[in-house]
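Structural features, examined
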Amino acid sequence: MYNSIYPAYAKSYFGLNNRAITKKQDEEKSSHSSQSAENNTQKEKQQTQNNSYFPNGEKVAVDYTKRKIGIDQVLSDFKNTTNAIGAPDEIKSEVASYLSLIESQSGKENPNKQIIQSNLKNASQILDEYITNTLKKPSKVVENWVDALFLQQIDYKSEKKETPQIVQTSVKAEITEPSEHLEEETSLTQSQTQAQQGIYIPSDPQLKRMFIQAKKYAAIEDNEKALYAFQNTKDYADEIGDTQTGAMIYYEEGRLYDGFNRIEDALYSYNQAALQSEDNNVKAKAHLSMGKIYDNYVKFEPAVNHYSAAASFAGEADNLKLQTQALSDLAQIHTERYDKDNAYMFMDMASVIAEETNESKVKGIISSKSAKMCEKLGDNAKALNLYGSSSQSFTEAEDNENLAKNYRSAADIMFKYGNSAKAKKLLSKAYIAAQQTDNSELKMQITQELAGL
């Protein structure tokens with residue numbers, strides 16, 4: 001989607017690497033959980049009412065592009081949405097009648113904005129009614145998306161051109177059963193493998209030289225030269241029709257802007273990378289980056305939408321590491337809201353995918369992150385079990401720094417339980433692991449903690 005305004009977040013499995021993951025049966029929610037859900041609803045309402053500004057007072061970059069959105073683009077997205085949710089022919093026909101009126105109106109020299117908006121609302125309500133009947137629960141996902149569009153600058157005069165979009169991803173996730181995502185896996189192309197490893201090399205010799213030079217400037221944090229070099233490289237990529245390099249340059253520019261806190265520019269660049277790239281790895285990384293920006297600004301729904309898209313595209317690309325990261329971030333954002341059901345669901349999903357990487361460090365990181373989340377949710381027993389699993393993985397990976405931190409975190413829980421002997425034993429293990437690292441600060445901290453026992 002051009003600006004990541006939904007249609008919308010829903011509990012789904014995002015095509016999780018096409019793995020057969022079975023959802024646990026819902027347990028009865030306690031009165032505390034019900035109260036928590038009610039509180040969350042109130043928070044979401046407050047967020048929606050104040051959705052135009054970040055918590056620090058800066059205006060939200062609702063329109064990443066900082067330019068008008070063409071009505072042709074909106075209509076293309078709407079048609080894609082209708083197809084993506086699997087609407088039957090009679091629904092498609094009814095929606096098409098409203099879209100046809102919009103197309104007719106937008107073709108006029110001076111289109112009537114009210115007529116176009118009214119017909120978009122009518123068409124959105126038809127789709128929402130279909131989604132509601134399919135899910136057996138109320139939905140206003142498409143109407144909310146249309147309302148969000150109206151807050152942006154729209155060029156209501158048709159230019160008869162279309163831009164590829166990804167709007168269909170999130171809607172399809174909402175109304176499709178998990179089993180329908182479990183399709184046959186495909187192997188990675190060379191470019192996908194390179195992107196998964198964080199490497200992309202253009203095939204054109206001159207473009208390759210320009211791209212590498214821009215990356216070098218970025219590596220030494222000469223941001224002004226890096227941005228100038230990337231822009232020149234992008235111009236040349238456009239000239240020779242290398243859209244993949246152009247998308248990668250947008251992603252690299254986003255990282256630069258992100259690094260020195262030019263948030264609106266970062267969002268625009270990441271979004272362009274996601275839209276223009278044909279590589280699902282690049283799409284996944286761009287969405288993950290946008291998710292983190294919104295997460296940092298405590299914008300729940302946009303963050304979840306982007307994390308969800310990242311998990312989906314990473315699954316399509318068979319990028320297990322990136323998928324576990326996106327799923328773990330989804331678990332974290334729900335943990336912050338004390339939404340136990342969703343937090344544990346995403347933790348479990350991240351764990352399943354991490355196991356399939358067959359990489360001890362990845363498994364250790366996911367288990368350790370999940371342990372910290374369990375602590376926050378008040379489940380110290382589960383946290384200790386996860387720290388145990390994580391320590392075993394870090395030992396196998398010979399990652400002594402993370403191993404030391406893990407033992408230290410487990411020791412903190414034992415202190416809370418009042419078991420000083422066990423805590424001291426764990427800190428001693430942390431000390432031994434820390435001595436095999438170059439992290440002098442960590443060594444000093446653990447030494448001081450042992451001395452205080």
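Described below are features of the structure shown in this document. Every value quoted in this text rests on a predicted model; they were computed, and no experiment measured them.

Moving on, we come to the overall build of the chain. Within the chain, the secondary structure is distributed over 20 helices and two strands. The burial tally for the chain puts 50% of its 453 residues in the buried class. Just so you have it, the chain exposes about 22500 Å², and 45% of that area is on carbon and sulfur atoms.

What follows concerns helix α16 (residues 360–376). Between the first and last C-alpha of α16 there are 25 Å, a value that for 17 residues agrees with the 24 Å anticipated at 1.5 Å per step. Among the 17 residues of α16, twelve are classified as buried, and the element is accordingly described as predominantly covered. Where α16 is concerned, the buried positions are Ser360, Val362, Lys363, Gly364, Ile366, Ser367, Ser368, Ser370, Ala371, Met373, Cys374 and Glu375. Residues of α16 that are buried sit in contact with α14 (320–336), α15 (340–357), α17 (380–397) and α18 (400–417).

Counting 78 residues, the largest nonpolar core has Phe230, Tyr270, Ile293, Leu327, Phe346, Met347 and Ile446 as the members making the most contacts within it. The next biggest cluster of nonpolar side chains, apart from the first, holds 25 residues, and it includes Ile85, Val95, Val141 and Trp145.

This paragraph deals with the packing of aromatic side chains. Tallied over the entire structure, the rule returns four aromatic pairs. Look at Tyr257 and Phe260: their rings are 6.0 Å apart centre to centre, the planes differ by 70°, and that puts the pair in the edge-to-face class. Phe260 sits in the partly exposed class, given a relative accessible area of 31%. The ring centre of Tyr250 lies 3.7 Å from the NZ or CZ of Lys234, which sits over that ring. Between Arg337 and the ring centre of Phe300, over which it is positioned, the NZ or CZ distance is 3.7 Å.

On to α14, then. Residues spaced three or four apart along an α-helix point in a common direction, a consequence of the helix completing one turn every 3.6 residues. Along its 17 residues, α14 runs 24 Å from first to last C-alpha, staying within 8% of the 24 Å computed at 1.5 Å per residue. For α14, a buried count of 13 out of 17 residues is recorded, marking the element as mostly surrounded by other parts of the structure.

By the element assignment, Thr335 lies in helix α14. Judged by relative accessible area, Thr335 falls into the buried class, the value being 1%. For the pair Thr335 and Phe346, spaced eleven residues apart in sequence, the C-alpha to C-alpha distance is 10.0 Å. Residue contacts for Thr335: discarding those within four places in its chain leaves Ala343, Met347, Met373, Lys376 and Leu377.

Turning our attention to the pattern of salt bridges. All chains considered together, the criterion is met by 16 salt bridges. For Lys321, the salt bridge is made with Glu359, and the minimal N-O distance between the two is 3.3 Å. Highlighted residues: Lys321 in helix α14 and Glu359 in the loop between α15 and α16, separated in sequence by 38 residues.

Okay, the packing of α14 against α16 next. With their axes 10 Å apart at the nearest point, α14 and α16 run at an angle of 5° to one another. By the angle between their directions, the pair α14 and α16 is classed as roughly parallel. Seen from α14, the contacting residues are Lys321, Thr324, Ser328, Asp329, Ala331, Gln332, Thr335 and Glu336; seen from α16, they are Val362, Ile366, Lys369, Met373 and Lys376. Residue composition of the contact of α14 with α16, by class: four nonpolar, four polar and five charged.

Bringing the environment of Tyr270 into the picture now. Summarising the element assignment, Tyr270 is placed in helix α11 (residues 263–276). Placed 15 residues apart in sequence, Tyr270 and Arg255 show a C-alpha to C-alpha distance of 8.0 Å. Apart from the residues lying within four places of it in its own chain, the contact partners of Tyr270 are Tyr250, Tyr251, Gly254, Arg255, Asp258, Ala286, Ser289, Met290 and Ile293. Side-chain polar atoms of Tyr270 contact the backbone nitrogen of Arg255, separated by 3.4 Å.

Turning our attention to the side chain of Thr437. Note on placement: Thr437 falls in the loop between α19 (420–434) and α20 (440–451). Judged by its relative accessible area of 10%, Thr437 is buried. A polar contact is formed between the side chain of Thr437 and the backbone nitrogen of Asn439, at a distance of 3.3 Å. Setting aside its immediate chain neighbours within four residues, Thr437 contacts Asn400, Glu401 and Lys443.

Where helix α3 (residues 89–106) meets helix α4 (residues 113–135), the axes come as close as 9 Å, and the angle between the chain directions of the two elements is 165°. When the axes of α3 and α4 are compared, the pair comes out roughly antiparallel. Like other packed secondary-structure pairs, α3 and α4 cross with a definite hand, here left-handed. Together, Ile91, Glu94, Val95, Tyr98, Leu99, Leu101, Ile102, Gln105 and Ser106 of α3 and Ile115, Ile116, Asn119, Leu120, Asn122, Ala123, Ile126, Leu127 and Tyr130 of α4 make up the contact between the two elements.

As a further point, take the environment of Lys157. With respect to the helices and strands, Lys157 occurs in the loop between β2 (154–155) and α6 (168–175). It is 6.7 Å that separates the C-alpha atoms of Lys157 and Ile71, two residues lying 86 residues apart in sequence. Once residues lying within four places of it in the same chain are set aside, the contact partners of Lys157 are Ile71, Ser106, Gly107, Lys108, Glu109 and Pro111. A polar contact of 3.3 Å, which involves the side chain of Lys157, links it to the backbone oxygen of Lys108.

What counts as what
- Residues numbered from 1 in each chain as written.
- Predicted model: local features only at pLDDT ≥ 70, side-chain atom pairs only at ≥ 80, totals over all residues.
- Heavy atoms only, no water.
- Helix = DSSP H or I, 4+ residues; strand = E, 2+ residues; numbered from the N terminus.
- Buried < 20%, exposed > 50% of the residue type's maximum accessible area, 1.4 Å probe, protein only.
- Areas by Shrake-Rupley, 256 points an atom, 1.4 Å probe, with all protein chains shown as cover.
- Expected span 1.5 Å × (residues − 1).
- Contact = heavy atoms within 4.5 Å.
- Core = buried A, V, L, I, M, F, W, Y, C linked by side-chain atoms within 4.5 Å.
- Phe/Tyr/Trp six-rings, centres within 6.5 Å; stacked < 30°, edge-to-face > 60°.
- Lys NZ or Arg CZ within 6 Å of the ring centre and 35° of its normal.
- Salt bridge = Lys/Arg side-chain N within 4 Å of Asp/Glu carboxyl O.
- Axes fitted to C-alpha atoms, helices over the stretch in contact; angles between N-to-C directions.
- Parallel < 35°, antiparallel > 145°, perpendicular 65-115°, else oblique.
- Nonpolar A, V, L, I, M, F, W, Y, C, P; charged D, E, K, R; others polar.
- Polar contact = N/O pair within 3.5 Å; in protein donor to acceptor, adjacent residues only side chain to side chain.
- Left-handed = near helix turned anticlockwise from the far one by under 90°.

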